[in-house]
Amino acid sequence: MKLYHSSDVSVTKPDIIYSRNYLDFGRGFYLTSIHEQAVKYAQRFLRRKREAWLNIYEFKFEPSEWKILKFNSYDKDWLNFIANCRAGNDNSDFDIVIGGIANDRVIQTLDRYFVGELSENETLGLLKYEKPNIQYCIRSQRMLDKCLKHIESKQL
């Protein structure tokens, strides 16, 4: 499967060391299978007067070999996992987490949920109207090294 990673640099050898904490699915290397989503995300680098790169990879893995968490929708489990990761309370050891992105509108909704302005049901009700998107967060260096092969990097 082809996956994309947007950055302000060409990333030929992904490394977990450079990832940040408190993201949607925790610390890891984030990718998407949706080309348009990756290009749109790269535009933020250009708006900041930085270089924008679209890094393209081939991703192959044997599911039985890895610890995988996949969310098929914005549901209660997704909401709780994101909340824990963003609060720094995730102690899980998944090699990869797959699911929807908390984009700008989702983050605004999550913020309202975190401060108690919205209930869990209200939050999930708002999230179900979000445009489908997908992110793959590879959280183990071993999986990055074994399963993700750099194809090319294109400067935008």
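This structure is a prediction, so every number in the text was calculated from the model and none was measured.

Rules used in this analysis
- Residues numbered from 1 in each chain as written.
- Predicted model: local features only at pLDDT ≥ 70, side-chain atom pairs only at ≥ 80, totals over all residues.
- Heavy atoms only, no water.
- Helix = DSSP H or I, 4+ residues; strand = E, 2+ residues; numbered from the N terminus.
- Rg over C-alpha atoms; globule rule 2.2 N^0.38 Å.
- Buried < 20%, exposed > 50% of the residue type's maximum accessible area, 1.4 Å probe, protein only.
- Contact = heavy atoms within 4.5 Å.
- Areas by Shrake-Rupley, 256 points an atom, 1.4 Å probe, with all protein chains shown as cover.
- Lys, Arg positive; Asp, Glu negative; His and termini not counted.
- Charge placed at Lys NZ, Arg CZ, Asp CG, Glu CD.
- Pairing = 2+ DSSP bridges.
- Axes fitted to C-alpha atoms, helices over the stretch in contact; angles between N-to-C directions.
- Patch = residues over 30% accessible without salt bridge, like charges linked within 9 Å, V, L, I, M, F, W, Y side chains within 5 Å.
- Salt bridge = Lys/Arg side-chain N within 4 Å of Asp/Glu carboxyl O.

*Asks:* A description of the overall build of the protein chain should follow, citing residues and the corresponding values.
*Replies:* Within the protein chain one finds five helices and seven strands. Seen in sequence order, the protein chain has helices and strands lined up from the N terminus as β-β-α-β-β-α-β-α-α-β-α-β. For the protein chain, the C-alpha radius of gyration of 16 Å lies close to 15 Å, the compact-globule estimate for 156 residues. Referenced to the eigenvectors of the C-alpha coordinate spread, the extents of the protein chain come out at roughly 45 × 40 × 25 Å. Across the 156 residues of the protein chain, 44% fall into the buried class. Excluding contacts between residues fewer than 6 apart, the proportion of contacts in the protein chain whose partners are at least 24 apart in sequence is 83%. Carbon and sulfur atoms make up 49% of the accessible area of the protein chain, which amounts to about 9100 Å² in all. Of the charged side chains in the protein chain, 24 are positive and 21 negative, and the gap between their average positions amounts to 5 Å.

*Asks:* Provide a residue-level description of the sheet that holds strand β4 (residues 68–70), including the pertinent values.
*Replies:* If you walk across this open sheet you meet the four strands as β2-β6-β5-β4, and the pairing is mixed. Strand pairing shows two members of the sheet lacking a second neighbour, β2 (29–31) and β4, which therefore form its edges. Looking at each pair of strands side by side, their axes are set apart by 15° on average, direction ignored. Here three bridges tie β4 to strand β5 (residues 96–99), and the two strands are oriented parallel to one another. Directly across from K70, in β5, lies its bridge partner I98.

*Asks:* Break down a positive patch on the surface for me, with residues and values.
*Replies:* Residues R20, K40, R47 and R48 make up a contiguous surface patch of positive charge. Mapped onto the fold, R48 is located in the loop between α1 (35–47) and β3 (53–59).

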